[in-house]
Amino acid sequence: MPSINLPGKNDGGHDSRFFTTQKKGEMHELKMELHSTDRNTKVDAVKKVIASMTVGKDVSSLFTDVLNCVQTGNIELKKLVYLYLINYSKSQPELALLAVNTFVKDASDPNPLIRALAVRTMGCIRVEKITEYLCDPLSRALRDEDPYVRKTAAVCVAKLYDLAPALVQERGFLEILHDLISDSNPSVVANGVAALSEIAETSGKDVMKISASVLQKLLAALNECTEWGQVFILDSLAKYAPADAREAEGIIERVTPRLQHANSAVVMSAVKVILSYMELMGSANTDTIRNLTRKLAPPLVTLLNSEPEIQYVALRNINLIVQKRPSILENEIRVFFCKYNDPIYVKMEKLEIIIKLVSEKNIDQVLLELKEYATEVDVDFVRKSVSAIGRCAVKLERAAERCIGVLLELIQTKVNYVVQESVIVIKDIFRRYPNRYESIIATLCDNLDTLDEPQAKASMIWIIGEYAERIDNADELLDNFLETFEEEDPSVQLQLLTATVKCFLKNPEDTQDMVQRVLDLATEESDNPDLRDRGFIYWRLLSTDPEAAKLVVLGDKPVIEDDTFKLEPNLLNTLIGQIATLSSIYHKPPEAFVVRASGRGVMHLGVGGDDMGEDDEEDYEDDEGIEQEDPVDLLDMGGMGINDNGAGDDLFGSSTPQAEQAVRFVKVCSEEKSGGIDVLAAYHQVNGNVLMELEFQNKSCSVPVSNLAIQLNKNAFGLSPVNQQIICNPPVQVGSSGTATVQLVANRSMLAPVQPGPASPQVQVAIKNMATSQVFYFAANFNIDAMFSSGGQMDRNAFIETWKNIDDGKEIYSTVSDLPSTDIDGIQAKFELYNIFFIARRQGMDGQEVVYFSMKTMTGMDFLAELTFKAGVNACKICLKTENTSYGHLVKNAIENLLRF
Amino acid sequence: MIQSLFILSPTGEILIERHFRGMTPRSVCDHFWERASVSLNHHGGVSTTSTVISSDPMPLYDTVPPIMEIPLDGSEKSIFLFSILKDGLSYLAACPGEIAPLLVIEFLHRVADIFCEYFGSPVDESAIKDNFSTVYQLLEEMVDHGWPLTTEPNALQAMIRPPDVMGKILSVVTGVSSEVSSPKAQSGTLPNIPWRRAGVRHTPNEIYLDIVEEIDAVVDIVGNVISFDVAGSVEIQSKLSGIPDLLLSFKDPSIIDDCSFHPCVRYARYESSNIVSFVPPDGSFTLMRYRVKPNVLNMGFTPPIVCMPSFNYGSENRNDNAEPKGSVDVKLTARSISTLFNMESRKTNVAIEDVSLTIPFPKIVKTANLKVNVGQVLYDEASKVAKWIIGNLDEKMRPELSGEMKLDGGKRPDQNPSLTISWKIPSSSMSGLAVGGLSVTGETYRPYKGVRNIARSGRFFVRCN
């Protein structure tokens, strides 16, 4: 059939033919076709070019020829040409600039699709030069009458921000994006929100700040916009901290219907908003919270009816949710039972959740299931199921016996890996319930031959050693294992050594030879330092004091615990706020997923990595250097005994109970912004509480200021108010002023995302005047000394150790001159008041006095300071060392300030 | 956000590659394929037979987690790769940093669904290659700057015309590429109802509504139901002109426990009055999914089919050198006392449609020689899966499968794969959910309305031990 081989056209709409033209002179032929006057030939030619592009061929030489085709009224052809342009604009931006005129022209085409296409494509060309051409068309497009163009333009603003953030601000595009949030078309709203959230994220600036009016717009848009837009909006809401429980409830009410959305991403983001707000509502609203808990279960369960990939993500999140709020799903364990054809990754996650939800109510049902799983095909799944039975036993004391029954049944199947896994978990059960289930040891011993994996062998040997007195032939059994001692895995060798020694201590007569042999093997034949060390220790113990050996080797072991709730509470709290993100999949804090700013971070890392080796060497040398000096230092410090005492006395004398931290008010908000109230703020610490003092000066607010609500944005210190309500009593009338105290707590969930570089002292505050409903915003810089903990006194040795261990690169220096006083004792006393603790003081050379201080924030960051004074000089040199380098400058500033006043 | 999207063929070849912000090296796909192909169902290759055996093809791999962190060569960075598998194709999305995982996975599914809508099911390698320029155009509309945008089929159709069969035939005959000669299409700008195309015209106007209930169950070897679950959905095929506003009510809405809706449904209205009020998309869509209140299901469930499998692997201590053999026998019977048949249908002969049975044999089975008295049986040597297609089943029939298995050594099987039965029963419902009324407002015509109930098997297993 020769006709089939005729050039491509005959098989019609089948694009696949474009992949097959592979002959010599192809480029030339394509060139010809691109210039053809026949429209169809042209389209086919462009398709061929793109097909070549897809399979990785370089067709950039055809750039001008393809570009030539853009002058067409045919939109498909235009789209294909644009597709080509976007592709090459990345690798060859200079070529793309050739097309600028076309873009500009198309951006005012009567057809909205073409207008949008032009703006979109221009945004994709990441060359700085293009920005000057882009701004005007973009500005027009953002106000275009056609929603399709507007929504494309919204995205384009985000693209432009990547390239030229200053330009975006200059042209006022951010404000226009804000306007788009209340656009009449849902798709436009969605893209507006998406663009703003992304800009907020990449810039670290709060361009997506949610004020009362924005909040209303977002909630309204939530009903209208596309499902993807809903995800963006919900994610923004999750970052917002409602002013009070009432507002939180109000928002939750608007969000709850999203739990019924068909799109699982919408559902999960809604769950996140609700869970985060539940945290904020605290325990006061138990009824509301119980209600919400009830509402959350069904949508989560419904997600398990979706595609396996969705189930997987849902299960990873549910894993967190059941740890935080077990009550939500406590009655739903059935839906986590594995189906035969669930993918393995789903089964494994379901098992985890089954173990977390198992209780005395459902254990029988769970055991039946787990037993069934133990006969399935996948070895990993079977092993995890067997292990789960053991974990149930460890978790539920009352059900332990039933669990052991099931394990024994499974051992009878003689399936190799089932037996081994069973032995491993039975060891854990023995450790959890000592001296209770030894009757089954005989059964275990029957299966010794099956064991060939180190972990299983080690477990069995542990059991034999631990219960040697109950096993008639314990010594024989161990003897069998000893025959192959040298070939065993180190973990087995260690257990054999210990078990033999246990056996000897319990039954010295029959096992003397054996213990001698194993000690020889361990200490003389082995290269493994752990084994040798343990061998020598046992040997010495046994030869010097057998009674002591008994105490050590046969001593009580700590009872093991059920490890099913294993996420550390702080991490869990952080992760609950990160539901529906990668953090929640990997159960790692969000910092792990921060994309570092363009390339710089990587460069830095790369250099660091290279330097590592050298650094190590240098450090090593440094260490030696310090070691020579250090003893002197140590002696010096130690020799300061008298000084120390003196300081101690002084401290005692000066830290009288009346002494309080001075409060330094700063004006943070002026009357124009707040409807007639000047606000002054200060931070200090009283009785271990961080307080924010606010002074309200009512300049022109006709309604007396009495009832306010305060809210802090996420900040570098994780500060948030304990109570959002501020009451001024008596009310502050016009012309007068009043103060209020807001107690703050540091809370991990309020920590601003970690930014590279120094942490910002800024704490952004929103205050709502309940009487006038006006909300005003300001920033009040935090002085970190207000959160130094009273437990920050470091032991002197620990101080020296820490000081040595902190890399010199992490030192911060500064000099403060014009001190009001250089009386070191006085400074010491003042510092003590701010929980900056005196460590030691020594005489340096040339009449220098060097004083060391330690401080620790309530969030657990340590800072070490060295202050050097010189007699007759009214200045002080500060050297600060810390691992928390991004906060170093704040502490340095704090010390400077304290020295100055 | 999504940096790049790849579509891989069943042999790991890159079919489609699209970068939305910055380039992702192709090596990422190699990493993926390395891990995926380790767990291919068959010996390093791709099953071609399994599609014959099973109407929904067996997945090629199912042990690759849907999210992977893949290190980028020559850099300390890594990238997160999301993957789904559909009709043998792997859809991959590469994301450089934090992103909502469900957003990506839902989006990938949506992409695959849209391709189905445009190119027909299944969307396999050749469908992608045949339509690659449409694929690129669709991706352009569905993603911008790495964000999912327009994924509503109706909205997309307003901008990109689906390749229609007539056009294809025409182009084969005339040799003219159909996409170019299309006169209409792409007229559209964005409709204000994102899920509905503007200017829809149909004659006649019709709407079909199916209440489909899928029953998942695990049944033990003697026929006891160990667990069962009902997942319901309301599927609609709408061919209505203009912008019709529909109201759907149920006779007894209290049956519904929890539901999720298509974006077109007005939540508030359902919340307050249990009436589903919506402007439908044009074409087929799932209006809602629901779960049934536990108390409705309290009376239990009697399956419509009894399956009695029996596997005999011979005696364990054989001494002869003959090749070890075992035998298999599976009997099926329809059961009119099933919960799924009401008094009415029991009077006549009960009928079950599309009955089929999948038997995965244990690893120790080398080969099986199977016979059936009804329907046909196919045995896939490589995957050791037999599929028995019975078709319609009534009470009088006694289908039986029997045969011999050649075993590998004299061992006992160390696993007991479960059998899967699938079936469908028209005009049947587990929950008894029924439509109370369906009315159209906003348009003057009176459409033809078709409503029916269907009960069918979901994941329905019979355990063999």
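Residues numbered from 1 in each chain as written. Chains lettered and ligands numbered in written order. Predicted model: local features only at pLDDT ≥ 70, side-chain atom pairs only at ≥ 80, totals over all residues. Heavy atoms only, no water.

A. The arrangement of the nonpolar core in detail. L237(A), F82(B) and F115(B) are the most contacted members of the largest nonpolar core, which totals 272 residues. Among the elements that make up this core, the one with the highest residue count is helix 3 (residues 101–119) of chain B (13 residues). Contact partners of L237(A), with chain neighbours within four places excluded, come to I210(A), L215(A), L218(A), L219(A), L222(A), I251(A), V255(A), V273(A) and Y277(A). L248(B), V328(B), A368(B) and V462(B) belong to the second-largest nonpolar core, a separate cluster that totals 75 residues. (Core = buried A, V, L, I, M, F, W, Y, C linked by side-chain atoms within 4.5 Å. Buried < 20%, exposed > 50% of the residue type's maximum accessible area, 1.4 Å probe, protein only. Helix = DSSP H or I, 4+ residues; strand = E, 2+ residues; numbered from the N terminus. Contact = heavy atoms within 4.5 Å.)

B. Highlighting the sheet that holds strand 11 (residues 837–843) of chain A. All names here are of chain A. Spatially, 10-14-13-12-11 is the arrangement adopted by the five strands of the open sheet, whose pairing is antiparallel. For this open sheet the edge positions go to strand 10 (811–817) and strand 11, each flanked by a neighbour on one side alone. Neighbour-to-neighbour, the strand axes of the sheet open up by a mean angle of 20 degrees, direction not taken into account. Across seven bridges, the pairing between strand 10 and strand 14 (residues 875–881) is antiparallel. Its bridge partner lying in strand 14, T815 is registered against K877. Relative to strand 13 (residues 862–870), helix 36 (residues 796–805) is tilted by about 90 degrees, and along the sheet it contacts strand 11, strand 12 (848–856), strand 13 and strand 14. Helix 38 (residues 885–900) contacts strand 10, strand 12, strand 13 and strand 14 of the sheet and is inclined by roughly 20 degrees relative to strand 10. (Pairing = 2+ DSSP bridges. Axes fitted to C-alpha atoms, helices over the stretch in contact; angles between N-to-C directions.)

C. Fine view of the interface of chain A and chain B. Listed by partner, the interface residues are 101 residues for chain A and 98 residues for chain B. A combined buried area of about 8,900 Å² lies between chain A and chain B, and 56% of that area is made up of carbon and sulfur atoms. When residues of chain A are sorted by the area they lose upon contact with chain B, W228(A), Q260(A) and Y340(A) head the list and together hold 9% of the total. Counting across the interface, chain A meets chain B through eleven salt bridges. With its nearest N and O atoms 4.0 Å apart, the salt bridge here joins E141(B) to K79(A). (Buried area = accessible area lost by both parts, 1.4 Å probe. Salt bridge = Lys/Arg side-chain N within 4 Å of Asp/Glu carboxyl O.)

D. Representation of the domain arrangement of chain A. Here chain A is partitioned into domain 1 (9–222), domain 2 (223–329 + 564–592), domain 3 (441–558), domain 4 (666–782) and domain 5 (787–900). Inter-centroid distance (C-alpha atoms) of domain 2 of chain A to domain 5 of chain A is 44 Å. (Domains from an automatic or database assignment.)

E. Representation of the sheet that holds strand 14 (residues 305–312) of chain B within the structure. Residue and element names in this part refer to chain B. With respect to topology, four strands assemble into an open sheet ordered 14-15-20-17, the strand pairing being antiparallel. This sheet does not close on itself; its edge strands, each paired only once, are strand 14 and strand 17 (365–372). With direction set aside, neighbouring strand axes in the sheet form an average angle of 15 degrees. Sheet topology places strand 17 next to strand 20 (residues 400–407); seven bridges connect them, and they run antiparallel. Bridging across to strand 20, A368 finds its partner in M405.

F. Quick peek at the packing of helix 25 (residues 454–466) of chain A against helix 27 (residues 490–506) of chain A. Residues and elements named next belong to chain A. Running from N to C, helix 25 and helix 27 point in directions that differ by 10 degrees, and their axes come no closer than 8 Å. Judged by the inter-axis angle, helix 25 sits roughly parallel to helix 27. In this structure, helix 25 contributes P454, K457, A458, I461, W462, G465 and E466 to the contact, and helix 27 contributes S491, V492, Q495, L496, A499, K502 and K506. In terms of residue class, the contact of helix 25 with helix 27 is made up of seven nonpolar, three polar and four charged. (Parallel < 35°, antiparallel > 145°, perpendicular 65-115°, else oblique. Nonpolar A, V, L, I, M, F, W, Y, C, P; charged D, E, K, R; others polar.)

G. Looking closely at the pattern of salt bridges. Under the counting rule described, the total for this entry stands at 61 salt bridges over all chains. A salt bridge links E198(A) to R21(B); its shortest N-O distance comes to 2.8 Å. Here E198(A), found in helix 12 (residues 186–203), pairs with R21(B), found in the loop between strand 2 (14–19) and helix 1 (27–38), and the two come from separate chains. When its relative accessible area of 19% is taken as the criterion, R21(B) is described as buried. Two residues, R383(A) and E453(A), come together in a salt bridge whose shortest N-O distance is 2.7 Å. Pair noted here: R383(A) is in helix 21 (residues 379–395) and E453(A) is in the loop between helix 24 (441–446) and helix 25, with a separation of 70 residues, a long-range link. In the salt-bridge network here, residues are joined through shared partners; they are R120(A), K159(A), R18(B), E140(B) and D144(B).

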